[in-house]
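Structural characterization, general
Take a look at the letters that make up each chain.
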Amino acid sequence: MPDYQPTNAASSGVKLDKKTLKTIAARSDRPGVIWLAQWTVALIVTGSLVWILIGSPWVWPAMMLHGIFLSVPAYSASHETAHGTAFRTRWLNEAVLWVTSLIYMEEPLHRRYTHTNHHTHTWHVGKDSQMPFDTPMGFGGWLAEITGFALLRFHLQVFWHLSIGHYTDTMRMVTPEQEFPKMTRNARIMVAIYLVVLLAPAVGIWWPLWLIVLPRILGAPIMLLFTLIQHVELQENSPSILESTRSFRTGPLAAFLYMNMNNHVEHHLYPQVPFHALPQLAEAVKDQVPAPDNGFFRSNWEVAVVVLRRSIGLSTKAPTLRQAPHMITEGGPVKRIAQRTM
């Protein structure tokens, strides 16, 4: 018998009849292809705006807009395809996983296996390989996270280890042995592509800088604000997804960019459910799960205020943000509970 209980609906006491779940979890190419086409059109529009505005100060907000449409869906699609649920056709799923992981900047199989581990041990200290920040979070950790510095440092370390064939203990813990040669090959190809992109201006080719590199940097904070609120301020080491994970309300545009991952509690309860069916799943289990938090902007604002107050020794009670009881203090020294694993 394993010495753990996988974190999912069963461990959380949430029930959904098999017939309903089978219907909701049915895979199809059509929703994914439609989403991919819409994303492509959006990138053409925002990329064209950047191109038109090169030479003007307005190119910077245009690049940020383009970067948001580049980076948030790249994260979302690499996540969904890592699960294998974005498309019914496997080669299509794997092709999109590879390309979006290239944009997100993580080797695709490393993305898949560490994320599988994250679902199995969601927010369990010492077991979850995707805890991207120390907890409780302080203001310095928040800055490192939302600027993208912490994630970039981690991804560069992963590329280095995979490229030279030096596999870390975490990699060996979560990855089947036979996958390592593929991961090394992928990492070397991806690093070569990044080098070509970075060196392109040296030979007079500037479009990768304007359309990929700078937008990716400028759009990263919005991507990371989406991911930050998935688990921050919630309970570690709980078998219940309801205690460790957060859903939040959002509008149609954010839901599109994030591929409905604002329904994050529901996704962790039933990770086999495709992105397009998550609203349907949320409706089916709404009486068994906490109410979603109050939106992307409100949730992130309250997180920012909480971590700042924690860092200067003030009360950390948020007005509406759902928090684990031990995250609410009246001030004093902060005792670290968990160190980041990313």
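Residue numbers restart at each chain and count upward from 1, following the sequence in its written direction. Reporting in this predicted model follows two pLDDT cut-offs: at least 70 for local features of residues, and 80 or more for side-chain atom pairs to be given and counted; totals over whole chains, interfaces and linings ignore these cut-offs and use all residues. Remark: hydrogens and water are excluded; side-chain values derive from all non-hydrogen atoms of the structure.

**Focus on the overall build of the protein chain**
Helix and strand definitions follow DSSP, with helices as H or I runs of at least four residues and strands as E runs of at least two, each counted in order from the N terminus. Helix and strand counts for the protein chain come out as 16 helices and 0 strands. Only the C-alpha atoms count toward the radius of gyration. The rule for a globule is 2.2 Å times the residue count to the power 0.38. Relative to a compact globule of 342 residues, whose C-alpha radius of gyration would be 20 Å, the protein chain shows 20 Å and is just as compact. Considering only C-alpha atoms, the protein chain reaches an extent of 55 × 50 × 40 Å along its principal axes. Remark: exposure states derive from per-residue accessible area (1.4 Å probe, protein chains only) relative to the maximum for the residue type, with buried under 20%, exposed over 50%, and partly exposed in between. For the protein chain, the proportion of its 342 residues judged to be buried stands at 52%.

**Remarks on empty space enclosed by the protein**
We place a 1 Å grid over just the protein atoms. Points where a 1.4 Å probe fits but has no way out form a cavity, open points with protein on both sides within 12 Å along at least 5 of 7 lines form a pocket, and any residue with an atom within 4 Å of a point lines it. Grid points are joined across faces, edges and corners, and a volume is the space filled by probe spheres set on the points. Inspection of every chain in the model, using the stated rule, returns 3 cavities of 30 Å³ or more. Empty space within the largest cavity amounts to approximately 270 Å³. Lining the largest cavity are 22 residues, with Tyr75, Pro132, Thr227, Gln230 and Met342 sitting closest to its centre. Elements with a contribution of two residues or more to the lining of the largest cavity: helix H4 (59–83), helix H6 (108–120) and helix H11 (207–228). A breakdown of the residues in the lining of the largest cavity according to their chemical character gives 11 nonpolar, 8 polar and 3 charged. Charged residues are taken to be Asp, Glu, Lys and Arg, nonpolar residues to be Ala, Val, Leu, Ile, Met, Phe, Trp, Tyr, Cys and Pro, and polar residues to be all remaining types, Gly included.

**So, helix H3 (residues 30–53)**
For an α-helix, the turn length of 3.6 residues means that residues three or four places apart are oriented alike. Take the number of residues in a helix, subtract one, and multiply by 1.5 Å to get its expected span. For H3, built from 24 residues, the straight-helix expectation of 34 Å at 1.5 Å per residue is met to within 8% by its first-to-last C-alpha distance of 35 Å. What H3 keeps buried is the set Gly32, Trp35, Trp39, Ala42, Leu43, Thr46, Gly47 and Val50. If you follow the buried residues of H3, they end up packed against H4, helix H5 (90–104), H11 and helix H13 (252–257). Phi turns positive one or two residues past the end of H3, at glycine 55, with a value near 100°. Working rule for contacts: check all heavy atoms of both residues, and any pair within 4.5 Å makes them a contact.

**As for the environment of tyrosine 270**
With respect to the helices and strands, the residue tyrosine 270 is situated in the loop between helix H14 (264–269) and helix H15 (278–285). C-alpha of tyrosine 270 to C-alpha of threonine 170: the two residues are 100 residues apart in sequence and 25 Å apart in space.

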